Amino acid sequence: NEVMFMIIDLNYNDEDFKSKIINLEKGIKVINVDGDNIDVNKLCDILENIKENVLVNTKVDEKIKEEFSKRCTFQGFNRSIWNMVKKICNENVNKSDIVVDMTVGNGNDTLFLSGISKMVYGFDIQDEAINNTKRLLTQENVNNYKLFKESHDKINEVLCNEKNNIKLILFNLGYLPCGDKSITTMHDVTLRALCNSLDMLKNDGLILMVFYPHPEGKMEEKVVLDYLNNNNISYETYRNTINMNAPYLVVIRNINWLILE
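1. With respect to the pattern of salt bridges
Next, step 1: Overall, the coordinates contain 14 salt bridges when judged by the stated rule.
Next, step 2: With a shortest N-O distance of 2.8 Å, Asp 226 and Lys 222 are connected by a salt bridge. One end of the pair, Asp 226, and the other, Lys 222, are both in helix H9 (residues 215–230), four residues apart, so they sit about a helical turn from each other.

What follows is the structure, encoded as structure tokens:
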């Protein structure tokens, strides 16, 4: 069924404002918020829990942006750490850039990256993942991509012609959604992949790594953070919950060019 594009008006001062804005009907794309004495802090608390792809218009938009900047957060952050991934990608990648999806999975991340970049390269070791991604990108009429059925630690070999030319490298670690959970990224390969990615980046490039709390994911987290800390490579950590067993994001910027020995 076709979903109607909907715009609604809400009043910040209504008692049920929070409930209405968090529990939006399907199809709502724009919310106009009016009202007196809008508390920017409280409104931002609410906006962190609403859909990231809904446009909210208020008379305090600039103050909201300032508050989100202070919090290192944004609209929809509490719903999914992936909203922060998309925000960072959107802020740093443009249509002249080359990017890499290190685990294509079912193709959703590759599709997103294709829409903001000049070219996206994708890696995965599973036929199912490569086929699912090709199918999705074909359905969406995407052609600015190339997929490799290779382990992502081969990035420096497979993409040797792109050395120092890649703007963003995305690691969405773990296993294939709805696939065989016994096949997962492994800590030793992930560490090699990270090290082999370092001198593939442009000077202003960055690496995003999303860690998951399953046992191998915990090991990936440990070896990667140990490596970064031991080599004085700066990074930022983004969590959207106090639950330490939830997925979270590590962003590596302005790195020293190091190669794993």
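2. Quick look at the environment of Val 85
Next, step 1: Assignment of secondary structure puts Val 85 in helix H4 (residues 81–92).
Next, step 2: Apart from the residues lying within four places of it in its own chain, the contact partners of Val 85 are Leu 170, Leu 208, Val 210 and Leu 249.

3. Thoughts on the environment of Met 119
Next, step 1: Tracing the sequence through the fold places Met 119 in strand S5 (residues 119–123).
Next, step 2: It is 8.4 Å that separates the C-alpha atoms of Met 119 and Val 100, two residues lying 19 residues apart in sequence.
Next, step 3: Contact partners of Met 119, with chain neighbours within four places excluded, come to Asp 97, Ile 98, Val 99, Asn 144, Tyr 145 and Lys 146.

4. Quick notes on empty space enclosed by the protein
Next, step 1: Per the counting criterion, the structure on display carries one cavity of 30 Å³ or more.
Next, step 2: Phe 211, Tyr 212, Pro 213, Lys 218, Glu 221, Arg 239, Met 244, Asn 245, Ala 246 and Tyr 248 together form the lining of the largest cavity.
Next, step 3: The class makeup of the residues in the lining of the largest cavity is six nonpolar, one polar and three charged.

5. Some points on the layout of surface pockets
Left-over empty space is what a probe sized like a water molecule reveals as it rolls over the atoms.
Next, step 1: Taken as a whole, the second largest pocket holds about 530 Å³ of empty space.
Next, step 2: If you trace the second largest pocket, you find 22 residues lining it, with Lys 65, Phe 68, Phe 74, Gln 75 and Lys 87 closest to the centre.
Next, step 3: For the lining of the second largest pocket, the secondary structure elements donating two or more residues are strand S3 (55–57), helix H3 (61–71) and H4.
Next, step 4: Per element, the largest residue contribution to the lining of the second largest pocket is five residues, and it comes from H3.
Next, step 5: Its residues assigned to classes, the lining of the second largest pocket comprises eleven nonpolar, five polar and six charged.

6. Things to note about the sheet that holds strand S9 (residues 235–238)
Through backbone hydrogen bonds, the strands of a sheet pair up, either in parallel or in antiparallel fashion.
Next, step 1: Spatially, the seven strands line up as an open sheet ordered S6-S5-S4-S7-S8-S10-S9, and their pairing is mixed. Looking at which strands have only one partner, the edges of the open sheet turn out to be strand S6 (145–148) and S9. Averaged over neighbouring strand pairs, the angle between their axes works out to 15° when direction is ignored.
Next, step 2: Across six bridges, strand S7 (residues 166–172) lies against strand S8 (residues 201–211) in parallel orientation. Residue Asn 172 lies in a different strand from S8, and its bridge partner there is Val 210.

7. Regarding the pairing of S7
Next, step 1: Among the seven residues that make up S7, seven are buried, leaving the element largely enclosed by the rest of the structure.
Next, step 2: With three bridges joining them, strand S4 (residues 98–101) and S7 adopt parallel strand pairing. Bridge pairing in S7 links Val 100 to Ile 169.

8. Some thoughts on the side chain of Lys 167
Next, step 1: Following the sequence through the fold, Lys 167 ends up in strand S7.
Next, step 2: Classification of Lys 167 by relative accessible area gives buried; the value is 7%.
Next, step 3: Beyond its immediate chain neighbours, meaning those up to four positions away, Lys 167 contacts Asn 92, Val 93, Asp 97, Ile 98, Leu 201, Lys 202, Asp 204, Gly 205 and Leu 206.

9. Description of the pairing of S8
Next, step 1: Burial analysis of S8 places eight of its eleven residues in the buried class, which makes it a mostly covered element.
Next, step 2: The pairing of S8 with strand S10 (residues 248–253) spans six bridges and is classified as antiparallel. Within the sheet, the bridge partner assigned to Leu 208 lies in S10 and is Val 251.

10. A closer look at the packing of aromatic side chains
Next, step 1: A complete count under the given rule lists five aromatic pairs for this structure.
Next, step 2: Relative to Phe 77, the ring of Phe 74 has its centre 6.4 Å away and its plane inclined at 50°; by these criteria the two rings are tilted.
Next, step 3: Ring-pair connections join several aromatic residues into one group, and the members of that group are Tyr 121, Phe 123 and Phe 148.
Next, step 4: Lying over the aromatic face of Phe 112, Lys 86 brings its terminal NZ or CZ to 5.8 Å of the ring centre.

11. Re the sheet that holds strand S2 (residues 28–34)
Next, step 1: Taking strand neighbours across the sheet as the criterion, the three strands line up as S1-S2-S3 in an open arrangement whose pairing is parallel. Lying at the two open borders of the sheet, with one neighbouring strand each, are strand S1 (6–11) and S3. Taking the axes of each pair of neighbouring strands and ignoring which way they run, one obtains an average angle of 20° across the sheet.
Next, step 2: Bridging between S1 and S2 involves six bridges; their strand directions are parallel. In the sheet register, Asn 11 faces S2, and the bridge partner there is Asp 34.

Rules of the game
Residues numbered from 1 in each chain as written. Predicted model: local features only at pLDDT ≥ 70, side-chain atom pairs only at ≥ 80, totals over all residues. Heavy atoms only, no water. Salt bridge = Lys/Arg side-chain N within 4 Å of Asp/Glu carboxyl O. Helix = DSSP H or I, 4+ residues; strand = E, 2+ residues; numbered from the N terminus. Contact = heavy atoms within 4.5 Å. 1 Å grid on protein atoms, 1.4 Å probe; cavity = no way out; pocket = protein on both sides within 12 Å on 5 of 7 lines; lining within 4 Å. Points joined across faces, edges and corners; volume = space filled by probe spheres on them. Nonpolar A, V, L, I, M, F, W, Y, C, P; charged D, E, K, R; others polar. Pairing = 2+ DSSP bridges. Axes fitted to C-alpha atoms, helices over the stretch in contact; angles between N-to-C directions. Buried < 20%, exposed > 50% of the residue type's maximum accessible area, 1.4 Å probe, protein only. Phe/Tyr/Trp six-rings, centres within 6.5 Å; stacked < 30°, edge-to-face > 60°. Lys NZ or Arg CZ within 6 Å of the ring centre and 35° of its normal.

So, to be careful, I would describe these as geometric facts and stop short of saying anything about function.
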